[in-house]
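Survey of secondary and tertiary structure
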Amino acid sequence: MNITNTQFEFAGKTKTVLFAGMALGLVCLVLTFFGDDAYHTRFWSNFLHNSVYFTGISFMALAFMCAQITAFGGWMTAIKRIWESMAMFIVVGIVLMTVMVISVWGHLNHLYHWNTPGIAEVGSATYDRIIAGKVGFLNPVWYTVGTVGFLALWYFWAVKIRNNSIEQDTNETPSLDYYKVQRRWAASFLPIIGFLVCVFIWQSVMSIDSHWYSTMFAWYSMISMLLGALSMTVILIIYLKSIGYLEYVSRDHLHDVGKFLFGISVFWTYLWFDQFMLIWYANNGEETVYFKERMNFYPVLFWGNLLLNFVTPFFILMRNDTKRKFGTMFFVACIVFFGHWWDFFYMIKPGARSAAHHATEMQAGHSTSHSAAPAHDTHAAPAATEHATDAAGHTADTHAAHSEGATHAATDTTHSATHDATTAAATTAEKAAPHAEEAHGADAHGEHGAVDPSKAFKIGYSFPGLEELGIMIGFLSLFLFFFFKNLEKASLIPWRDPYLEESLHHETGALIESEQDDKAGHDHH
Amino acid sequence: MASETTKVLYGLYNDEEDLKKAVKAANSDHLDIMDVYTPFPVHGLDPILGLKESRLHQLGFTYGAIGASFAFGLMSWVFTRDWPIVFGGKPYWSVPAFIPITFELTVLFAAWGMTLTFYTICGLWPGVKAKSLDNRITDNKFCLAYDVTEADDSTVEKYRSFFSKTGADEVNVKTI
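Quick summary incoming for the structure in this document.

Rules used in this analysis
Residues numbered from 1 in each chain as written. Chains lettered and ligands numbered in written order. Predicted model: local features only at pLDDT ≥ 70, side-chain atom pairs only at ≥ 80, totals over all residues. Heavy atoms only, no water. Helix = DSSP H or I, 4+ residues; strand = E, 2+ residues; numbered from the N terminus. Contact = heavy atoms within 4.5 Å. Buried < 20%, exposed > 50% of the residue type's maximum accessible area, 1.4 Å probe, protein only. Patch = residues over 30% accessible without salt bridge, like charges linked within 9 Å, V, L, I, M, F, W, Y side chains within 5 Å. Areas by Shrake-Rupley, 256 points an atom, 1.4 Å probe, with all protein chains shown as cover. Salt bridge = Lys/Arg side-chain N within 4 Å of Asp/Glu carboxyl O. Axes fitted to C-alpha atoms, helices over the stretch in contact; angles between N-to-C directions. Left-handed = near helix turned anticlockwise from the far one by under 90°. Nonpolar A, V, L, I, M, F, W, Y, C, P; charged D, E, K, R; others polar. Buried area = accessible area lost by both parts, 1.4 Å probe. Polar contact = N/O pair within 3.5 Å; in protein donor to acceptor, adjacent residues only side chain to side chain. Pairing = 2+ DSSP bridges.

**Let's talk about the environment of alanine 333 of chain A**
Residue and element names in this part refer to chain A.
- Take alanine 333: it is sitting in helix α12 (residues 326-363).
- For the pair alanine 333 and valine 234, spaced 99 residues apart in sequence, the C-alpha separation works out to 6.3 Å.
- Excluding residues within four positions of it along the chain, alanine 333 makes contact with Ser231, Val234, Ile235 and Leu261.

Spelled out as structure tokens, the structure:
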């Protein structure tokens, strides 16, 4: 056992690289700010996407560490300082989400359909009955509490746990005093993060698709963040080992993180599939639309998500020995890290694009047709769409009747907004045509012409463009910068942790033939 | 598993570290250990005994793969060829609906397959008489055993001196 190099030093060269990364991210953010729609949707959705993902990694790293402490998990003591330092990034998350909160209060973007002025006022041009029923929760005040407020609360726990752990190092005589306090903070953090993370995710991510909701969504995104944190842990362990730190962190530690990476990837798939299958089976229009839109218009995102986050980790990490190989683990961790970034891209982009498109149309003066059928535009139930499609060849009169029946959610407003029945028929017919394309365009039945331009393939929405990758690198650099800054502040080994000895002698008991020669050599020391 | 009886000379140790030291000593003395019995899995014992990596997991994967293809194949055949029924307006070949059952049968086949394989390897079948050297090796004793069925007196003496040298708590002979 070689316990040297326990004090991390943040090398100037690494700093330069990270500053370059941050600069690249900033340039790419600025690039996406221009040349997009009037709401700068690409810029804002990128900002939200990366803020949520990287902040999520930081608080889920803390949650995972707390779960280990609570469960008497001694094996991880040698890598505990990595998670503590990752958790300190929450403070940056507070700043990032504050920017989002300001943008919501100031209407600087249109990611959130519920944030449209007048959305809950009956008779307003923007009135939306479904969202009107949700404004008690989907409003700027709750948005502020659910994002910045909760992050501040979690940061409080992060600081408490971190300070306690560092103070423990100064403990002269071995005692359990600090440890007992730490256990209390760790255990109390679990329900706090477990319940509140749902609100954070509902507010920041799920409310983009304001009409839609899923009870599985919060768990599924939370696990996505946890996998981001675990894959980041693997990447950081291997990186720190490669530059001469953490010599005492062995294959056995890596094996255990690998098991979590494997097992929780399967759990992620389970949640993903649960959400998908329940909605697919029940086939309620208002729920199905979320997947229908993504499967039809964003197939690369949809299937890529499963390929990156299920197929790759499942088949590569299934074997015992792959979880113990530094190269393989590094490769898989990079894929999974990118995969969950992709997962959040998939969750955020299509909805944000629809919300902004809807707002742009409103601005352009199509408000009459929209207020006539608010439930009918971006979040049309497939039933309504199919009815409209059937009616496409009929006379305008029949058509109006059909559409009114189908968009029953909106019939009352149809009457109030349009006094003349003929106008109503004409308006609905106008609306029906693009929807007919939506329903059949992806099935190559597009007899009405090309797909709706608001859903057509577009770099930055249907697929991450170079700017998106640059922004990811920027945020990653920011994350790593804060991580290394905090890692530097304390010893890499929690010297007085009661579980340190257990961790340093951690063995999984795995018998891998190819490793036996190394091991035999090791025993002679 | 062998049908004929075996005469075994075995030593009982109180601690797994003592047992590991004894196995290492036996290796350096070139003594041929018959087997080692412990109440729980002792980490690091397999390599010094020179055991190969277990191939059980390959069988586990095979059983699971058989279960998965059986379930998926059967459902596909039943619902598209043999007896197609429309459920909830879904297509006959409704892959998402098959996945939970495919998963369950994968687990079931793997679990049953591994259980039966394990019984076969250990020679455990209904009516088999347990060949236990000592009841305490399932509780608190760590046992190292030598086969002395055909050993001459000098070899047995060598084994006995080995046990006293390595600190065995107790040395017994038993025919199983």
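Structure shown, so let's carry the discussion forward.
**Things to note about the environment of arginine 136 of chain B**
Residues and elements named next belong to chain B.
- Assignment of secondary structure puts arginine 136 in the loop between α4 (95-122) and β3 (142-147).
- The exposure class assigned to arginine 136 is partly exposed, which follows from its relative accessible area of 30%.
- In the structure, arginine 136 is positioned 98 residues away from threonine 38 in sequence and 9.5 Å away in space, judged by C-alpha atoms.
- What arginine 136 contacts, discounting residues up to four positions off in sequence, is Leu12, Lys141 and Glu170.

**Looking at a nonpolar patch on the surface**
- Among the surface-exposed residues, Leu108, Trp112, Leu116, Phe118, Tyr119, Leu124, Trp125 and Val128 of chain B lie close enough to one another that they form a single nonpolar patch of about 800 Å² accessible area.
- Following the sequence through the fold, tyrosine 119 of chain B ends up in helix α4.

**Side note on the packing of helix α2 (residues 41-70) of chain A against helix α18 (residues 466-487) of chain A**
Residue and element names in this part refer to chain A.
- Where α2 contacts α18, the two axes come as close as 10 Å, and the packing angle between them is 35 degrees. Both α2 and α18 take part in a crossing whose hand is right-handed. The residues of α18 that touch α2, namely those facing Arg42, Asn46, Phe47, Asn50, Ser51, Phe54, Ile57 and Ser58, are Glu467, Glu468, Ile471, Met472, Phe475, Leu476 and Phe479.
- Looking at the contact of α2 with α18 residue by residue, the classes come out as eight nonpolar, four polar and three charged.

**Examining unusual backbone geometry**
Residues and elements named next belong to chain A.
- Despite not being glycine, asparagine 5 has its phi angle at roughly 50 degrees, a positive value.
- The topology assignment puts asparagine 5 in the segment before α1 (12-33).
- The phi dihedral of phenylalanine 72 is positive, around 55 degrees, even though this residue is not glycine.

**A few points about the interface of chain B and chain A**
- Counting residues at the interface gives 15 residues for chain B, matched by 14 residues for chain A.
- The contact between chain B and chain A buries some 1,400 Å² in all, and 69% of this surface belongs to carbon and sulfur atoms.
- Of all residues in chain B, Glu53, Lys90 and Pro96 of chain B bury the most surface against chain A, accounting for 41% of the area lost on that side.
- Our enumeration of links across chain B and chain A arrives at zero salt bridges.
- Where chain B touches chain A, the interface holds three residue pairs in polar contact (both at pLDDT 80 or more).
- Secondary structure elements with two or more residues in the side of chain B that touches chain A: α2 (45-49) and α4 of chain B.
- For the side of chain B that touches chain A, the element with the most residues is α4 of chain B, which contributes four residues.
- Along the lines of polarity and charge, the residues of the side of chain B that touches chain A split into eight nonpolar, three polar and four charged.

**Here's the deal with the pairing of strand β1 (residues 7-13) of chain B**
All names here are of chain B.
- Across the seven residues that make up β1, a large majority, six, are buried.
- Relative to strand β4 (residues 170-175), β1 is paired through six bridges, and the arrangement is antiparallel. Among the inter-strand pairings, leucine 12 is bridged to a residue of β4, identified as glutamate 170.
- Direction of pairing for β1 relative to β3: antiparallel, over a ladder of six bridges. Among the inter-strand pairings, leucine 12 is bridged to a residue of β3, identified as cysteine 143.

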